[in-house]
Amino acid sequence: MDPIKNPFSPGAGTPPPELAGRQTILDKAHIMFGRLKAARSEKSFLLIGLRGVGKTVLLNEIHHLAEKEGYKSIFVEAHENKSLAALILPPLRQLLFQLDRMANVSEKVKRSFRVLKSFLNGIKLKVKDVEIYLDIDSEAGTADSGDLESDLPALLEVIAEAAQDRKLAVAIIIDELQYLSEQEMSALIMSFHRIAQKMLPLALVGAGLPQLVGLTGRSKSYAERLFDFPRIGPLDMPDMIAAIRSPTESQGVKITDEALDEIALQTQGYPYFLQEWGYQAWNIAEKSPIDIADIKKATKESIRRLDESFFRVRFDRLTPREKEYLYALAILGEGAQRSGDIAEKLQVSPQAVAPIRNNLIKKGMIYSPAHGDTDFTVPLFGDFMKRMMKKGQVYP
Ligand SMILES: Nc1ncnc2c1ncn2[C@@H]1O[C@H](COP(=O)(O)OP(=O)(O)O)[C@@H](O)[C@H]1O
Ligand SMILES: [Mg+2]
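Keep in mind the model is a prediction, meaning the values are calculated, not measured.

A. Local environment of the site of ligand 1. The immediate surroundings of ligand 1 are formed by 24 residues, with S9, G13, T14, G52 and T56 found nearest. One of the backbone N or O atoms of P16 is found 3.4 Å from an oxygen atom in ligand 1. T56 places a polar side-chain atom, nitrogen or oxygen, 2.8 Å from an oxygen atom of ligand 1. Contact with the protein chains hides 96% of the accessible area of ligand 1, taken as 570 Å² for the molecule alone. Those elements giving two or more residues to the shell around ligand 1 turn out to be α2 (55–68) and α11 (271–284).

Here is the structure:
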């Protein structure tokens with residue numbers, strides 16, 4: 001088929017031609033935005049899922065929804081090497097300028113600026129990567145202790161009050177939340193605890209890898225009552241079919257049931273892989289309908305491409321010992337494995353590999369689905385590790 005007309009879009013955060021199977025989450029966001037705006041209490045939520053299931057795409061969609069519902073919003077992506085304060089201060093400042101630009105002076109908005117400045121003064125010594133300038137006086141005594149866990153709640157509260165004063169609501173959307181430190185997570189949770197108690201119009205929507213659940217629990221045990229953690233997983237068969245068939249048919253091309261079954265088998269319903277297989281199948285097929293022979297060829301090409309990009313970028317960030325650890329996890333079989341069994345495969349004690357395991361969790365490569373268990377955060381990564389072994393890329 002004509003590659004120019006190819007509807008599929010494999011990539012990080014690239015909107016799919018058909019956002020299949022996520023209506024419940026979008027409805028949930030719609031209800032939350034509506035309720036918070038009307039000063040009714042509603043839990044914020046954090047999307048939990050493996051790499052490539054569509055969390056970022058959903059956050060983008062929710063961001064649009066927020067704007068459509070009249071929210072002022074900020075969208076940031078957490079990083080391994082950047083502090084939360086450095087990340088959210090510039091967009092918060094931007095947001096305050098937006099509130100300030102509206103007609104008539106608001107004392108609450110003015111105060112927010114002063115408190116933002118105090119916050120900056122407080123953390124300045126610790127956060128060298130914050131580069132914002134505010135040509136105003138600070139408000140001494142508010143949000144300037146230098147302790148994030150008391151300053152962030154104070155700052156967000158003042159901002160939420162300013163928004164309320166403007167008869168507006170604010171949404172803070174944060175991707176890759178698993179990269180926050182425990183202290184940052186704790187500060188964030190305490191902020192939303194206070195905001196929920198005061199029923200202020202500030203919503204948090206986040207997303208992260210499965211280790212985010214443990215991180216929130218360790219940071220503050222009441223987090224599970226404060227937030228919902230909807231699981232974002234692979235698509236079921238009807239949604240998979242919708243994800244592939246409707247974009248294809250909207251271009252006037254058909255696809256056989258057999259071909260769809262084969263895509264389902266190969267991708268296991270993971271959205272990233274669905275896009276990849278759809279993309280390759282489209283380019284390979286010479287005529288409508290796309291059939292199973294096309295999919296078999298697409299499988300070869302898709303795996304080659306994934307090995308060069310999606311999997312490869314993660315593999316390249318690993319040390320030799322981390323690669324060995326992941327290979328041991330891979331050969332133990334599908335799904336979660338006992339950490340003790342992995343150590344045994346490596347012929348060392350669990351204590352000896354604990355630092356490697358911890359680093360792999362920090363890098364977002366593995367997580368612990370239950371105490372003592374370990375699994376990949378990237379679907380089908382185990383098969384990739386086995387291919388890398390065959391190519392002599394695991395053990396030098
Ligand atoms: N509901 C969905 N249906 C079909 N494809 C999807 C869906 N959600 C995401 N995708 C596709 O999956 C890929 C990965 O999405 P992304 O949001 O980056 O995942 P994550 O943030 O969870 O790693 C993208 O190519 C996107 O187009
Ligand atoms: Mg993402």
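B. The arrangement of helix α14 (residues 320–331) in detail. An ideal rise of 1.5 Å per residue puts 16 Å on twelve residues; α14 measures up with 17 Å between its terminal C-alpha atoms. Those residues of α14 that fall on the buried side of the exposure criterion are E322, K323, Y325, L326, Y327, A328, L329 and A330. Taken from the residues just after α14, G333 is the one with a positive phi, measuring 120°.

C. Fine view of the confidence of the model for the chain. When pLDDT is averaged across the chain, the result is 92; 96% of the residues are at 70 or more. The spread of mean pLDDT over the elements of the chain runs between helix α4 (residues 107–123), the lowest at 87, and α11, the highest at 98.

D. Here's a closer look at the pairing of strand β1 (residues 44–48). Most of β1 sits inside the fold, with five of its five residues counted as buried. Here β1 shows no split at all, with S44, L46 and I48 on one side and F45 and L47 on the other all buried. Where β1 and strand β5 (residues 227–228) come together, two bridges link them in parallel fashion. Its bridge partner being in β5, S44 is matched across the sheet by F227. The pairing of β1 with strand β4 (residues 202–208) spans four bridges and is parallel.

E. Quick look at the side chain of E139. Structurally, E139 is set in the loop between α4 and α5 (148–165). Among the polar contacts listed, one links the side chain of E139 to the side chain of T142, at a separation of 2.7 Å. In this view, E139 contacts R111, R114, V115, S118 and D144; residues no more than four positions away in its chain are not counted.

F. Examining the nonpolar core more closely. In terms of nonpolar packing, the biggest core is built from 74 residues, with F33, F273, F311, L326, F381 and M385 touching the most fellow members. By size, the runner-up hydrophobic cluster in this structure holds 54 residues, among which are L155, L156, A223 and F229.

G. Structural view of the sheet that holds strand β8 (residues 373–376). Spatially, three strands are ordered β6-β8-β7 in an open sheet, and the strand pairing comes out antiparallel. A single partner strand is all that each edge strand has here, and the edge strands are β6 (337–338) and β7 (366–367). Where β7 and β8 come together, two bridges link them in antiparallel fashion. Bridge pairing in β8 places Y367 opposite D375.

H. The arrangement of unusual backbone geometry in detail. In this model, S288 is joined to P289 through a cis peptide bond whose omega is 0°. With respect to the helices and strands, P289 occurs in the loop between α11 and α12 (292–308). Even without being a glycine, E176 presents a positive backbone phi close to 55°. With respect to the helices and strands, E176 occurs in the loop between β3 (170–175) and α6 (182–197). Classification of E176 by relative accessible area gives buried; the value is 13%. Residues other than glycine seldom take positive phi values, yet L380 does so here, at roughly 65°. Here L380 lies in the loop between β8 and α17 (381–390).

I. Quick peek at the pairing of β4. Within β4, seven of the seven residues are buried, which leaves it mostly tucked inside the rest of the structure. Where burial is concerned, the two faces of β4 agree: the one with L202, L204, G206 and G208 and the one with A203, V205 and A207 are both buried. Pairing between β3 and β4: five bridges, direction parallel. For I173, the partnering residue across the bridge sits in β4 and is V205. In the classification by handedness, the crossover that spans β3, the intervening α6 and the parallel β4 is right-handed.

J. View of the packing of aromatic side chains. The final tally for this structure, using the stated rule, is 14 aromatic pairs. Ring centres 4.7 Å apart and planes at 55° place the aromatic pair F33 and Y71 in the tilted group. Pair noted here: F33 is in helix α1 (residues 23–37) and Y71 is in the loop between α2 and β2 (72–77), with a separation of 38 residues, a long-range link. Here the two residues F33 and Y71 agree in accessibility, since each one is buried. Ring geometry for F311 and F384: centres 5.0 Å apart, planes at 25°, overall stacked. A residue pair is termed long-range when its members are at least 10 positions apart, and F311 in the loop between α12 and α13 (312–315) and F384 in helix α17 qualify at 73 residues.

K. Summary view of the packing of helix α9 (residues 237–249) against helix α10 (residues 257–267). Running from N to C, α9 and α10 cross one another at 115°; their axes reach a closest spacing of 10 Å. What the angle tells us is that α9 and α10 run roughly perpendicular. Along this stretch, α9 crosses α10, giving a crossing that reads as right-handed. Two secondary-structure elements touch here, α9 through M237, M240, I241, I244 and R245 and α10 through D257, L260, D261, I263, A264 and T267.

Definitions and cut-offs
Residues numbered from 1 in each chain as written. Chains lettered and ligands numbered in written order. Predicted model: local features only at pLDDT ≥ 70, side-chain atom pairs only at ≥ 80, totals over all residues. Heavy atoms only, no water. Near = heavy atom within 4 Å. Polar contact = N/O pair within 3.5 Å; in protein donor to acceptor, adjacent residues only side chain to side chain. Areas by Shrake-Rupley, 256 points an atom, 1.4 Å probe, with all protein chains shown as cover. Helix = DSSP H or I, 4+ residues; strand = E, 2+ residues; numbered from the N terminus. Expected span 1.5 Å × (residues − 1). Buried < 20%, exposed > 50% of the residue type's maximum accessible area, 1.4 Å probe, protein only. pLDDT = per-residue confidence, 0-100. Pairing = 2+ DSSP bridges. Contact = heavy atoms within 4.5 Å. Core = buried A, V, L, I, M, F, W, Y, C linked by side-chain atoms within 4.5 Å. Right-handed = clockwise from strand over helix to strand, strands pointing away. Phe/Tyr/Trp six-rings, centres within 6.5 Å; stacked < 30°, edge-to-face > 60°. Axes fitted to C-alpha atoms, helices over the stretch in contact; angles between N-to-C directions. Parallel < 35°, antiparallel > 145°, perpendicular 65-115°, else oblique. Left-handed = near helix turned anticlockwise from the far one by under 90°.

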